[in-house]
Every structure is written in structure tokens, then in C-alpha cells.
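Residue strings, one per chain:
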Amino acid sequence: MFTAEAAERKRATLRRVALETLAALAPERLAREAIALDGAALAIAGRRWDLPACPGITLAALGKAAAPMMRGALEALAPLMDADPELAEGVRGVVVAPAAAWDPPEMVPRGMEQYTGGHPEPNQGSLIAVQALRRAVAATPPGGLILYLISGGGSALAEEPLPGLALEDLRRSNPDL
């Protein structure tokens, strides 16, 4: 027999599972855990970079989860940046996300450039955002490290039409993607 008590237990179990799933998939935590520090080196997916020899680090975050991924990456790098102010001075970043991602506004770490692109369709902000990402990557010194933090939504958030095409052409083709 299905009782109100049994229904409440099932609701509580479903609520607990949903909350645990959301916590396990939190972009900030996933980015933080993907970046490991090994002494004065950075390790990601089995590769190592000697950071004291690195002349600069550029973080390029793009997508609906860009701001929390950027925060997680900076949290992972914090011990090295705290220990080496020169290294910290060379860390730059660009965060591109949809307008809804900036609530609350303090989600983007201080010192990181913030751009709002269109989502689900590209807009003028998307054209500006792609240029900001290009400038940030181009400004990375030779031998510097570029970390790309990409989540869903990026294809509309940072767009550049091919020569001869306009933003409206992108917007018309977007539903076909």
C-alpha cells in the first residue's frame, strides 16, 4: 500500500540523489580537481608544466559554466601564485558567458576580463567576446601556458563570421547546428 509516509521517503531520497548529483557535477569543483600541483609544476591529464619557467598563464573560459570553472582553476593555482608573486603577476584570463551567468556579479574573479555573449543565438557581444579571446591568447608570451576552460554554449557565445558573412547570417544558420 502506498502511504503518505512512503511517498515522503521516496521524495526525500530523490531530493538527496539530485543534490548529490549536482554537487558531483559542480563546474568549480571539477575544474579545481582537474588541475593538480606537483611541487612547482602544474599537472593536467597526465601532462606536466614547470611553472617557475613559465613566463605567463592565460586562462580562457567559455560557456555557461565559464565563471565557476575560472574560479576553480584559480583556486587550484592559488598555492603557487601565493608562493610566487611574479608567477601570479603573469596570470591573465578572459571569461565569456551568457548574461544569466553573471548572477551574482561577483562570480567572476577579480582581475579577469568578463564578456557577455549571446545564448542561445550569437549577438554583437559574441563578436566582441571572440576578439577578446583572440587578444588574450595572442598576448600570451612565448613559452607561456594557455588553459582553455570550455563548457556548453560556447558556439554561440563567441562567434566570428567568415569573410563576406554577417552576424545575421550566423543567427539564421544557428538553429541548424
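To start, this report covers the structure provided alongside it. Everything numeric in this text was worked out from a predicted model, so none of it was measured.

### Things to note about the sheet that holds strand β1 (residues 36-38)
- Read across the open sheet, the three strands follow the order β1-β2-β3; overall the sheet is antiparallel. Only two strands of the sheet have a single neighbouring strand rather than two, namely β1 and β3 (47-50). For this sheet, the mean angle separating the axes of adjacent strands, direction not counted, is 30°.
- Relative to β3, strand β2 (residues 41-44) runs antiparallel, the two being bridged by four bridges. Looking across to β3, one finds that Leu-42 is bridged to Trp-49.

### Notes on the pairing of strand β4 (residues 57-62)
- In terms of residue burial, β4 counts as a mostly covered element, since six of its six residues are buried.
- Burial along β4 is two-sided: the residues Ile-57, Leu-59 and Ala-61 and Thr-58, Ala-60 and Leu-62 are all buried.
- With six bridges joining them, β4 and strand β7 (residues 145-150) adopt parallel strand pairing. Along β7, the bridge assignment pairs Ile-57 with Leu-145.

### Structural notes on the sheet that holds strand β6 (residues 113-116)
- If you trace the four strands from one edge of the open sheet to the other, you get β6-β5-β4-β7, paired in parallel fashion. Two strands bound the open sheet, and with one partner strand each, they are β6 and β7. Sheet twist, expressed as the average angle between the axes of neighbouring strands with direction ignored, equals 10°.
- On top of the sheet, helix α3 (residues 66-83) reaches β4, β5 (91-97) and β7; it is set at about 165° to β5, its chief contact.
- Contacts from helix α5 (residues 124-138) reach β4, β5, β6 and β7 within the one sheet, and its direction differs from that of β6 by about 150°.

Definitions and limits used
- Residues numbered from 1 in each chain as written.
- Predicted model: local features only at pLDDT ≥ 70, side-chain atom pairs only at ≥ 80, totals over all residues.
- Heavy atoms only, no water.
- Pairing = 2+ DSSP bridges.
- Helix = DSSP H or I, 4+ residues; strand = E, 2+ residues; numbered from the N terminus.
- Axes fitted to C-alpha atoms, helices over the stretch in contact; angles between N-to-C directions.
- Buried < 20%, exposed > 50% of the residue type's maximum accessible area, 1.4 Å probe, protein only.
- Contact = heavy atoms within 4.5 Å.

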